Amino acid sequence: MLIALIPSKRGDEGFFGLRIAQEMIEVIEGLCTGCAMCVPVCPEEAISCFGFAQVNDRCTECLICLEFCPLGALEKKKVQREGHG
Ligand code: SF4
Ligand code: SF4
């Protein structure tokens, strides 16, 4: 989910970029046991589990799944991407 657009300018002439701050759900593979308890709780069917959980781009960051993982193997993580303007 897009949460912020931050105008930025690099040294090269004529370049304007956008730093896009985005949040996503990440599976901590060292903690996930593949129990699949998180799979049915996701309203977007964004989680699959074959050995360990994976979250796809249908995720809307509703955070419901974080409450259901008994091992705390799901976390919200902020990532930044850069795009050209
Ligand atoms: S509930 Fe937690 S431990 Fe179980 S599959 Fe999901 S992320 Fe992994
Ligand atoms: S945060 Fe919500 S939409 Fe995203 S994977 Fe978890 S339950 Fe599904």
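Residues numbered from 1 in each chain as written. Chains lettered and ligands numbered in written order. Predicted model: local features only at pLDDT ≥ 70, side-chain atom pairs only at ≥ 80, totals over all residues.

On to the overall build of the chain, then. Across its full length, the chain carries one helix and five strands. Overall, the chain shows an N-to-C arrangement of helices and strands of β-β-β-β-α-β. Out of the 85 residues belonging to the chain, those deemed buried represent 12%. Taking contacts inside the chain between residues at least 6 apart in sequence as the whole, the part at least 24 apart equals 51%. (Helix = DSSP H or I, 4+ residues; strand = E, 2+ residues; numbered from the N terminus. Buried ≥ 20, exposed ≤ 12 C-beta atoms within 10 Å, placed from the backbone. Contact = placed C-beta atoms within 7 Å.)

Right, let's talk about the site of ligand 1 for a bit. With respect to spatial proximity, 14 residues lie near ligand 1, and among them C32, C35, C38, A53 and C69 are the closest. Of the residues belonging to the shell around ligand 1, the class tally is twelve nonpolar, two polar and no charged. (Near = placed C-beta within 6 Å. Nonpolar A, V, L, I, M, F, W, Y, C, P; charged D, E, K, R; others polar.)

I25, C32, C38, C42, I47, A53, C65, C69, A73 and L74 together form the largest nonpolar core, which totals ten residues. Once you skip the residues sitting within four places of it in the chain, A53 turns out to touch V27, C32, C38 and I47. (Core = buried A, V, L, I, M, F, W, Y, C linked by C-beta atoms within 7 Å.)

The environment of ligand 2 is formed by 13 residues, the closest being C42, C59, C62, I64 and C65. Looking at the shell around ligand 2 residue by residue, the classes come out as ten nonpolar, one polar and two charged.

A low pLDDT means the predicted coordinates there should not be read in detail. On average, the chain scores 82 in pLDDT, and the residues at 70 or more come to 69%. The model gives residues 2-6 a pLDDT under 50, and that stretch makes eleven contacts with residues more than four places away or in other chains. (pLDDT = per-residue confidence, 0-100.)

Attention now moves to the environment of A73. With respect to the helices, strands and loops of the structure, A73 is situated in the loop between α1 (64-68) and β5 (74-84). In this structure the C-alpha to C-alpha distance between A73 and L31, which are 42 residues apart in sequence, comes to 5.2 Å. Excluding anything up to four places from it in sequence, A73 contacts V27, I28, L31 and C32.

So, about the environment of A36. Along the polypeptide, A36 turns up in the loop between β2 (16-27) and β3 (47-49). The exposure class assigned to A36 is partly exposed, which follows from the 15 C-beta atoms found within 10 Å. Separated by 33 residues in sequence, A36 and C69 have C-alpha atoms that sit 8.8 Å apart.

When you line up the elements, V79 lands in strand β5. Sequence-wise, V79 and M24 are 55 residues apart; in three dimensions their C-alpha atoms are separated by 7.4 Å. Dropping the residues within four chain positions of it, V79 is found in contact with Q22 and M24.

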